[in-house]
Amino acid sequence: MLEMVSLLEPIAQPLPLQPQYESLEFRATKVSFHKSKPTRQRHFPQPMSTSPAHFSPLDDLVNSSTYASVLESCKCPRLGKQVHAQALKNGFHGHEFVETKLLQMYGKCGCFNDAVLLFDKMRARNLYSWTAVLNVYLTNGLFEEAFECFQQVRFEDFDLEFFLFPVVLKICCGYGGIELGKQLHGIVLKYGFSSNIYVGNALIDMYGKCASLEDAKKFLSNMSERDCVSWNSVITAFAVNGMLSEAHEVFNQMSAEDNLTPNFISWSALIGGFSANGCDEEAIEMLYKMQAVGFQPNAQTLASILPACGRLQMLYLGKAIHGYLARHELMSNSFVVNGLIDVYRRCGDMGNAFRVFSMFSTKNDVSYNTMLVGYFENGEISKAQELFYQMEREGKWKDIISWNSMISGYVNNSMLGEALNMFHKVMWKEEIEADTFTLGSALAACADTGLLRRGKEIHSCAIVRGLQTDAFVGGALVEMYSKCLDVNAAQKVFDEVNERDIPTWNALISSYARSGEMFSVECTLEKMKADGFDPNIYTWNGIIAGHVENAGNESALQLFLDIQSSGLRPDIYTIGTVLPACARLATLDRGKQIHAYAVRCGYDSDTHIGSALVDMYAKCGCVKHARLAYDNIKKYNLVTENAMLTAYAMHGYGEEGIDFFRRMLENGFIPDDITFLSALSSCVHAGLLETGLEFFDLMGSYNAKPTLKHYTCMVDLLSRTGKLNEALKVIKEMPLEPDTVIWGALLGGCVIHGNLEVGEIAANKLIELEPGNTGNHVMLANLYASARRWGDLTKTRQLINERKMHKSPGCSWIEDKGEIHVFVACDTSHQRTDEIYQTLNILTTQIKVEH
């Protein structure tokens, strides 16, 4: 495989968009350049002395050029201060050139206070000194102070030079914005520097960072002289602002118009833009093309492409990058290390994620939180908990992101009690303040557990903090109230949200859909469109889910077809929602169509979709197809295992079900009550009493508490094998109240084995519980017939006739060409009744002839 290649080296190091101090207030108004003192201007002291400096004779021995050379290469603050001390000792105090180099050195080494102190004490300042201190302010994110510094420069008695403006133009991205940028552009024109290629490139960079892309492109086209930096600035501007096709167009134009070959930065800008905007396949493709033209990757390249590998779950590419990083000794870069951890956790390879974390990570908040999320995503809850408490033991500060990762991880793993307990701890910690994500995750836990009162308490917390109007919290509140079946409250909290976004609208629409209020759904959709939002796939997913939850399975399937016709692409959640509708309707043809769509989109191997496919095929009577769907799943969990085991049990594949259950245990799965129910049902179909007793006793070892259905399976198994007295004993001794199903299972066994004594007990209990059920009397009659109790049989039939009992007619249906045909015994309501009965008579005649 070709070696990996490098990504974007920015043209100018991006600066923070906001100043670091709260006192720095962004002003969107026009910035004045009149020579009046700024209202917040920093007081810049006058030079210490305007008289000529007196230098030591040593000046001839150690000249200023020597100091300049040393200071330019100095990257160590301690060494730089030693050079500063020696310069003072050798008589260079007040030397304008040397002190300017010292100022630049302090700025480069991050010594803000030393740089400002030196500048304030300088005897003489020139334009280079002012430019150096401007850079110091910008490096520390002090954009407004930098602007005031520039204002002061204009009061000084020297002419401005071109090299000042590439620095000054950087102010605009943090203060003043495009308004200031255009005024600075005017000053550039006034001084005649617009034709200077360095100033021109800085203007393009400024327009790009202020998102004025047309101005950037226009200025490029008007430049008399252009180089790769000029073109790269425009490519970067378009890429950073998500205009990828325009960036690619400019990329191609630079060679067509100026005969300039795209360089490393050109490729990197384009690749970085694709990756940052989620165009992952395109980013990786461009990376390979970049490599093909001979550019080699650096750490920044790989850090940029790793998120794309993670989102695409391209584990092989992540490992290739890991190997490249190791071979080229780039594992000391924290960005690539955290990126690798993220790739491994997204691909479910937590073993390699932990190895990278342990060996190379700087153990900062990002790496810890990435590992926490990864453990939760892959179901390794205990390891997530251990890591969380390890942070505390190692003295690592657990920020709100760490707590949020734990809360949301518990919610996503259905550990809702633990999530709410963790939220309670956050609320009691004075040093940590819950944010919108904390409240939203806690509300999701309340929604999934139906804890309306707890949800209202969290709603109160949101009101106290003024967060109830936030779109994320508001959407979570709508979701919570809707799942707790309080649609009116959901509408009220929705009305309080200040800036509604699509997820907030979707939450309200989903609320009405869940409640079956489809008219309100239509009205809300119209209001949403009037508010400027078009329904997206998540909107329709909520409506489809509402149809399915309210037994509107046909409507759900029709809506699925309508979505495809509208041009929207159903996602994995859409597929997961409509497959249960197919299962409930037993509509195999449409189920296969949806399966085919899932295959085309690559969803069929997903754990949840695979489980839904197994369930759908099982309920449509195709165990073979269910097994094929099961075998195609990439990652198995208890849900997938239960789905396949249930399929075997549902269709009487007893021995296959028992073998499958034993393999589950061998593979380390922890069975739950659903698993044991299917396993016991398999024993019933296989008639294996000893195995059934073994499995029933095994439930205690896995803390699975038997329900009435588990006892019913055991009674059915004992009854079918003739152990009727034992079955009756189970019913009498079980800690639950018996229902009609369990008495029916006992009575069925009595009919099979002709046990009149136990049978009468079961029949009487059934008639007592359901006196109007004809089937109970019929089973009792059959029991009397099997025991040749003709007198009792006659009495039972007379009782049925006297009470005018009728057996409920059976119902069946068939799907043909997408249409469901329902049949009931003696029914003549079908529109093709005559054809149906004519065909039935022909078949009946043929059967009689054959026999």
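The structure displayed is predicted, hence computed values, not measured ones. (Residues numbered from 1 in each chain as written. Predicted model: local features only at pLDDT ≥ 70, side-chain atom pairs only at ≥ 80, totals over all residues. Heavy atoms only, no water.)

**A closer look at the side chain of S266**
Mapped onto the elements of the fold, S266 is located in helix α13 (residues 264-276). When its relative accessible area of 0% is taken as the criterion, S266 is described as buried. Here N232 takes part through its side chain, which lies 2.5 Å from a polar atom of the side chain of S266. Those residues in contact with S266 that sit more than four places away from it in its chain are N232, I235, F251 and M254. (Helix = DSSP H or I, 4+ residues; strand = E, 2+ residues; numbered from the N terminus. Buried < 20%, exposed > 50% of the residue type's maximum accessible area, 1.4 Å probe, protein only. Polar contact = N/O pair within 3.5 Å; in protein donor to acceptor, adjacent residues only side chain to side chain. Contact = heavy atoms within 4.5 Å.)

**Quick look at helix α24 (residues 452-464)**
The end-to-end C-alpha separation of α24 is 18 Å, in line with the 18 Å expected for 13 residues at 1.5 Å each. Buried residues of α24: G455, I458, H459 and A462, and no others. Down the axis of α24, the smallest arc covering the buried residues is 110°, so these residues share one side. In α24, the exposed positions angled more than 90 degrees off the buried face are occupied by R453 and V464. Contacts made by the buried residues of α24 are with α22 (416-428), α23 (436-449), α25 (471-483) and α26 (487-496). In the stretch just after α24, G466 is the one whose phi turns positive, near 70°. (Expected span 1.5 Å × (residues − 1). Arc of directions from axis to C-beta.)

**Quick look at the packing of aromatic side chains**
Going through the model one piece at a time under the given rule, you end up with 18 aromatic pairs. Between F437 and F472 the ring centres are 5.8 Å apart and the planes differ by 5°, which places this aromatic pair in the stacked class. Remark: F472 occurs in helix α25 and F437 occurs in helix α23; sequence separation between them is 35 residues. The exposure class of F437 is partly exposed, given its relative accessible area of 36%. Where F560 meets Y597, the ring centres are 6.2 Å apart and the plane angle is 85°; that geometry is what we call edge-to-face. With F560 in helix α30 (residues 553-565) and Y597 in helix α32 (residues 588-601), this residue pair connects regions lying 37 residues apart in the sequence. (Phe/Tyr/Trp six-rings, centres within 6.5 Å; stacked < 30°, edge-to-face > 60°.)

**A short note on unusual backbone geometry**
Within the chain, Q313 stands out as a residue other than glycine whose phi angle is a positive 55°. With respect to the helices and strands, the residue Q313 is situated in the loop between α15 (299-311) and α16 (315-327). If you check the backbone angles, A551 has positive phi at about 65° while not being a glycine. Position of A551 among the secondary structure elements: in the loop between α29 (537-549) and α30.

**A short note on the packing of helix α33 (residues 607-619) against helix α35 (residues 638-650)**
For the pair α33 and α35, interaxial distance at closest approach is 9 Å and the crossing angle is 10°. Our classification of the angle between α33 and α35 gives roughly parallel. Counted together, T607, S611, V614, A618 and K619 of α33 and V639, T640, A643, M644, A647 and M650 of α35 form the full contact between these two elements. Tallied by class, the residues present in the contact of α33 with α35 amount to seven nonpolar, three polar and one charged. (Axes fitted to C-alpha atoms, helices over the stretch in contact; angles between N-to-C directions. Parallel < 35°, antiparallel > 145°, perpendicular 65-115°, else oblique. Nonpolar A, V, L, I, M, F, W, Y, C, P; charged D, E, K, R; others polar.)

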